[in-house]
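Fold and geometry: a report
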Amino acid sequence: MIEVEHVVKVFEGVRAVDDVSLRVRAGETFALLGPNGSGKTTLLKCLMGLLKPNSGCIRVRGIEVGSDPRAALSLMSYLPQRVAFPEGLTVREVLAFYARLRGERSERIARVCHQLRLDLEELSNRPIGTLSSGLLQRVGLAVALLAEVPIFVLDEPTVSLDPEGVRRLRAVLAELREKGRTILFSSHVLSDVETLADRVAVLVHGKLVALESVEGLRDHWRQNALTRVHLWNPNERFVELAHRHGASEARLLGSSLLFRSKASDRLAILRALEAGGARIETFWTPEPSLEEVYWNHVGKRSAGDALDRGDRVPESATTAGRAPSE
Amino acid sequence: MGTIATLALFEMKVHIRNRWVLVFAFVFGFTAVAIAAFGLATAGVAGFQGFARTTASLLNLALYVIPLVSLMMGTMSFAGEKNAGELLFVQPIARESLVWGKLLGLMLSIAIATGSGFGLAGMIIAARVGSAGVTRYLLFVGHALLLALAFLALGILVAIASARKPRAFGYALFLWFFFVLFYDLLVIGLTFLVPEPIANRLVFLSLFGNPVDLVRVSGFMTLDNPTIFGAAGVMLVKFFGGEGWAHVALIVGTILWGILPAWLAQGLLRRQDI
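Report follows, based on the coordinates. What you see is a predicted model; the values in this text were computed from it and never measured. (Residues numbered from 1 in each chain as written. Chains lettered and ligands numbered in written order. Predicted model: local features only at pLDDT ≥ 70, side-chain atom pairs only at ≥ 80, totals over all residues. Heavy atoms only, no water.)

Before going further, it helps to spend a moment on the pairing of strand β14 (residues 280–286) of chain A. Residues and elements named next belong to chain A. Burial analysis of β14 places 5 of its 7 residues in the buried class, the great majority of the element. Two strands pair when backbone bridges link them, and strand β11 (residues 226–231) and β14 are joined in this way by 4 bridges, in the antiparallel orientation. Its bridge partner being in β14, L231 is matched across the sheet by I280. (Buried < 20%, exposed > 50% of the residue type's maximum accessible area, 1.4 Å probe, protein only. Helix = DSSP H or I, 4+ residues; strand = E, 2+ residues; numbered from the N terminus. Pairing = 2+ DSSP bridges.)

Spelled out as C-alpha cells, the structure:
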C-alpha cells in the first residue's frame, strides 16, 4: 500500500531522515515511534508531498508521490501535528471549504462531527479563534476524516487532544480499522502505539532502528532480558558463575543478583548458581513494556537501569518462580 | 465549482471576516471625500471639487498606497500559509491552483474595498457637484485595481521565494521603495549618461519596467493629459500609432505585471518544500 524506499532528507547538512525503507500493508495500523527530532514528521511530510526527499522514493498504491502528487494525495488524508485555520471563520465554514475541495457532500460534515462528538449546532457560528487547542485539533481531525480515502496519515494525533478527544480518536481509529482503512501515525506516546498499532517502526536520529509488530519487538527484547534473583546468601562469586554460564551482564544489588542472558541460557544459569551454593529465594524476569523496548532502542534507558534504581516491577508483568529445582 | 473559484471565495471570505476589506473601504472612501471636500481650499475656495480634479489627486495618492497595501496582502497570504497551512497543501489540488486561487481571492477583496469605498465617495461627490467627469473617476478605480493586481502578484512571488516570513516582508518593502521611489530616479540618472535620442527611448521603454509608471501614464492619459510626460509621452503615442493603442499597450503591460510574477510563483511553489 505504502512503499518507502531508501528515503533520505537532509536539512542544512543534517540527515533528518537517513536511508529509511519500510512498507505499510493495506488495512494495517502502522506506528512511527521515536523521540522528538527522530525524523517521524519529516518522513510523514515526505509521504504527503510536503517535502521532497533528497533521494529515494515513496509510492502509494504504486503511484510515485514525487512524480504524481495529486494522484497520491487523492488516496490519502493527513492530520498535521499542529493545525491552523483562519481565525475569523467559523467551524462550519472551514469544514465546508475542505469538504468542497475534496468533492465531498455537505452531509459528510454532519456525519464526521457526530463521529467525533463535535456539536456542530453549537460550533457552527463559533469563530475558529475562540476554540481551545484541544477543540481546534478535533476540528483538524474532522477535516482529515472528511475525505473518504483508503489511507489516513496522522502526525502525533493525540498530542493536543483533551482526554475526551483521545477517547473519540481511539474509537474512530478502531472504526476505520474495521472498515479496512490503512492508518499510519506517528507518536511518542507509547500507550497509543501499544493499543492501536499492528506494527511499529522505531526511528532514532533519522534512522530506522526497528520494524516489527509490537509483540515481535517485545519477543526480541525477551531474548536478552534481565533476570532478578533474590538470594539468601548473596556473594560476588555468583556474579562470576553467571558470567561463566552465558550471562552477558551480571551484578549484585543488595541481596539480589541481576543478570542479562538469552532466554535459552536462563535456566542453565539458575541451575549453575544453585549448584554453586546459591540459595535462591525467588527469581523473575520482568515482562517488558513497550516503553522498555523503546528506550532500549533509543539508547537512553534500559530495563536494567530501571531495576538498578530499584523501580518497582509490577507482579502482573513478570515471569516469576521459585528455585529451578523446586 | 472549480478549485480556483473555491479557493478564491474562501480567501475573500477570510479577508472580509477579518475586517481588512472594511478598513480599506473606509480609508479609500474617506480619502476620496476628503480630497473632494478640501481640494479647493488651497486656492482659497470653499466647497466640493468635481470628479476631474479629485481623480487627479487620488491617482497620485493611489500610486503610493495601493502598491504598499497589495504587496503586504500578497506577502501575508503566502508567508503565513507555508508554515501553518499544511492542511491546504495536502489536498489533492495542484499547487498552481493555490497561487491563482489566492491571487483571485485577494483581487476580489481589494475590488470590494476599492469598489465600495470609492463607490460611496463617488455618490457623495455626485450628489454635491453633479456627475461631470464620473467616467474618469471610474477609469481611475479600474487603474487602481490593475495596480493592485500587479503588486499582489509581486507580493505572492516574494512570499514564496523567501524562506522566512520576516525576510519576505523585508523584500516586499524593498520592492515598494524600488518601484515607487527609486526606479524613476534610476532612469533619470541613466538618461544623463546617454545621448538625448537614446535617453527619450530609454524613458519610453522604462515605462514597461515598472507597473507604477504604467498606471501613472495610463491614468493621466484618461485625464487627457499625456503631454505631461514630455518627449517620452509623445514617443509612446507615436510608437503605438495613437493614444488609444498606447493606452491599450499600457494596460496590457500592467496586466502582464500581474500575470508574470504569479506564473513564476506557481513554478517555484511546485518545486518547493512546505
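Moving on: empty space enclosed by the protein. Residues and elements named next belong to chain A. Throughout the structure, instances matching the rule amount to 7 cavities of 30 Å³ or more. Quantified by volume, the largest cavity comes out at close to 70 Å³. Lining the largest cavity are R108, Q115, L145, A147, E148, V149, F152, L176, K179 and R181. (1 Å grid on protein atoms, 1.4 Å probe; cavity = no way out; pocket = protein on both sides within 12 Å on 5 of 7 lines; lining within 4 Å. Points joined across faces, edges and corners; volume = space filled by probe spheres on them.)

For interface size, the figure often reported is the accessible area lost on association. Counting from both sides, the interface comprises 23 residues of chain B and, opposite them, 26 residues of chain A. For the pair chain B and chain A, the two sides together bury roughly 2,500 Å², of which 65% comes from carbon and sulfur. The tally of links from chain B across to chain A stands at 3 salt bridges. Two residues, B:R17 and A:E93, come together in a salt bridge whose shortest N-O distance is 2.7 Å. Counting every contact that joins chain B to chain A gives 7 residue pairs in polar contact (both at pLDDT 80 or more). When residues of the side of chain B that touches chain A are traced back to their parent elements, those giving at least two are α1 (3–17) and α4 (86–89) of chain B. (Contact = heavy atoms within 4.5 Å. Buried area = accessible area lost by both parts, 1.4 Å probe. Salt bridge = Lys/Arg side-chain N within 4 Å of Asp/Glu carboxyl O. Polar contact = N/O pair within 3.5 Å; in protein donor to acceptor, adjacent residues only side chain to side chain.)

A few words on the pattern of salt bridges. Per the stated rule, a full pass over the model turns up 19 salt bridges over all chains. Among the ionic pairs, A:R199 bridges to A:E28, the shortest N-O distance being 2.4 Å. Residue A:R199 is found in strand β9 (residues 199–204), and its partner A:E28 is found in the loop between β2 (14–24) and β3 (29–33); the two are separated by 171 residues along the sequence. By the burial criterion, A:R199 is buried, and A:E28 matches it. Salt-bridge contacts for A:K45 lead to B:E86; the nearest nitrogen and oxygen are separated by 2.8 Å. With A:K45 in helix α1 (residues 40–47) and B:E86 in helix α4, the pair connects residues from two separate chains. Each member of the pair A:K45 and B:E86 is classed as buried. Salt bridges sharing common partners tie together A:E3, A:E5, A:R23 and A:R59.

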